[in-house]
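Structure at a glance
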Amino acid sequence: MASTTEENYLKALFNLANEKGEVNISELAHQLEVSMPTANSMVKTLQKSGSCIYEKYKPVVLTPKGKKEAALIVRKHRLTEMFLVTKMGFGWEEVHEIAEQVEHIHASKFFERMDEMMGYPTVDPHGSPIPDKQGRIQDLQFKSLSEAKPGQEVILAALSDSSTEFLEYLNSRKLTLGTELKIISKEAFDQSIVVNYLDSEKETLSQKVCEKLLVKIYESKNSSQ
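Residues numbered from 1 in each chain as written. Predicted model: local features only at pLDDT ≥ 70, side-chain atom pairs only at ≥ 80, totals over all residues. Heavy atoms only, no water.

Re the side chain of R75
Structurally, R75 can be placed in helix α4 (residues 64-86). In terms of polar contacts, R75 uses its side chain to reach the side chain of D115, at 3.0 Å. (Helix = DSSP H or I, 4+ residues; strand = E, 2+ residues; numbered from the N terminus. Polar contact = N/O pair within 3.5 Å; in protein donor to acceptor, adjacent residues only side chain to side chain.)

Right, here's the structure in full:
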């Protein structure tokens, strides 16, 4: 059974992996706020357990065993976040730190009952997919709002940033998952986007914000791709 520290490293490797499944040690150390030697030492421990492959001066790669272990930790985290929001009334900006603690509980029946009570959700409160019990994770293929064009209508489906600061910003703008937005215009100078949603006539969202909002894009009558 992996320790809490080992699980945190596995989850970080899982979340940081690029398209090739690789993670640089420096990036891992930065993410976990530890020194390079500390990160290097733990990666070697994970390699001995068969969870990753690491050669000096080369990126770290999770093995199939490591990927499944990491995905199951992510599953527990995201199930917990969803449970806290849907069953306990927490705000989506409040749940991360609690889920960070709960994800290390080693009691499969606990999470199976949690899953059952919620009706087997497929995404967490921030729209991120919840891995299944085999560690398989669905690629939802959303686009960022910054890719939308004037005249298009979109629905906010997920976030690429679930930090407390960003979630509180979205709360202040009354932007939640499922919100429908119409793209009014896009500023050529700074790529900010003017939208309307709910009862607002016009709201301007910066490029930085738009890149973090993941949406499903629908065709409106007057738009074309």
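Notes on the side chain of R78
Mapped onto the fold, R78 is located in helix α4. Owing to a relative accessible area of 15%, R78 belongs among the buried residues under this scheme. (Buried < 20%, exposed > 50% of the residue type's maximum accessible area, 1.4 Å probe, protein only.)

Focus: the nonpolar core
Ranked by size, the top nonpolar core spans 20 residues in total, and within it L145, L159, L181, L205 and L213 carry the most contacts. Among the elements of the structure, β5 (153-159), α7 (164-172), β6 (180-186), β7 (193-197), α8 (207-212) and β9 (213-218) are those that each provide at least two residues to this core. Residues within four places of L145 in sequence aside, it is in contact with V154, I183, I193, L205, C210, L213 and V215. Grouped together as the second largest cluster of nonpolar side chains are 19 residues, Y9, L10, A29 and L46 included. (Core = buried A, V, L, I, M, F, W, Y, C linked by side-chain atoms within 4.5 Å. Contact = heavy atoms within 4.5 Å.)

A look at the sheet that holds β5
With antiparallel pairing, the 6 strands of this open sheet are ordered in space as β4-β9-β5-β6-β7-β8. Bordering the open sheet on either side are β4 (143-144) and β8 (203-205), each of which pairs with just one other strand. Alignment of β7 against β8, held across 3 bridges, turns out to be antiparallel. Note on β8: the bridge partner recorded for V195 is E203. Seen against the sheet, α7 touches β5, β8 and β9 and runs at an angle of roughly 150 degrees to β5. (Pairing = 2+ DSSP bridges. Axes fitted to C-alpha atoms, helices over the stretch in contact; angles between N-to-C directions.)

Describing unusual backbone geometry
Even without being glycine, Y57 reaches a positive phi, approximately 70 degrees. Residue placement: Y57 occurs in the loop between β2 (52-53) and β3 (60-62). For L198, which is not glycine, the phi torsion reads 50 degrees and is therefore positive. Relative to the assigned elements, L198 resides in the loop between β7 and β8.

Let's talk about the pairing of β5
With 6 of 7 residues buried, β5 is to be regarded as a mostly interior element. In the sheet, β5 pairs with β6 via 3 bridges, with the strands oriented antiparallel. Note on β6: the bridge partner recorded for V154 is L181. Here 6 bridges tie β5 to β9, and the two strands are oriented antiparallel to one another. Bridging from a neighbouring strand, L156 pairs with V215 of β9.

Some points on the pairing of β9
Two strands pair when backbone bridges link them, and β4 and β9 are joined in this way by 2 bridges, in the antiparallel orientation. By the bridge assignment for β9, K143 is matched with V215.

Quick word on the packing of helix α2 (residues 25-32) against helix α3 (residues 36-48)
In the contact formed by α2 and α3, the axes pass within 9 Å of each other and the chain directions differ by 105 degrees. The orientation of α2 relative to α3 falls into the category roughly perpendicular. Along the contact surface, α2 presents I25, S26, L28 and A29, while α3 presents M36, A39, N40 and V43. Tallied by class, the residues present in the contact of α2 with α3 amount to 6 nonpolar, 2 polar and no charged. (Parallel < 35°, antiparallel > 145°, perpendicular 65-115°, else oblique. Nonpolar A, V, L, I, M, F, W, Y, C, P; charged D, E, K, R; others polar.)

Notes on the layout of surface pockets
Of the pockets and cavities examined, the largest pocket occupies roughly 1,500 Å³. Along the wall of the largest pocket there are 43 residues; nearest its centre are N15, R78, S128, S160 and S162. Elements with a contribution of two residues or more to the lining of the largest pocket: α1 (4-16), α2, α4, α5 (96-102), β5 and α7. The leading source of residues in the lining of the largest pocket is α1, at 6 residues. Taken together, the residues of the lining of the largest pocket break down into 15 nonpolar, 16 polar and 12 charged. What lines the second largest pocket is a set of 22 residues, and nearest its centre among them are E69, L72, I73, K76 and H106. Secondary-structure elements contributing two or more residues to the lining of the second largest pocket are α1, α3, α4 and α6 (108-117). Top contributing element to the lining of the second largest pocket by residue count: α4, with 6 residues. Taken together, the residues of the lining of the second largest pocket break down into 9 nonpolar, 5 polar and 8 charged. (1 Å grid on protein atoms, 1.4 Å probe; cavity = no way out; pocket = protein on both sides within 12 Å on 5 of 7 lines; lining within 4 Å. Points joined across faces, edges and corners; volume = space filled by probe spheres on them.)

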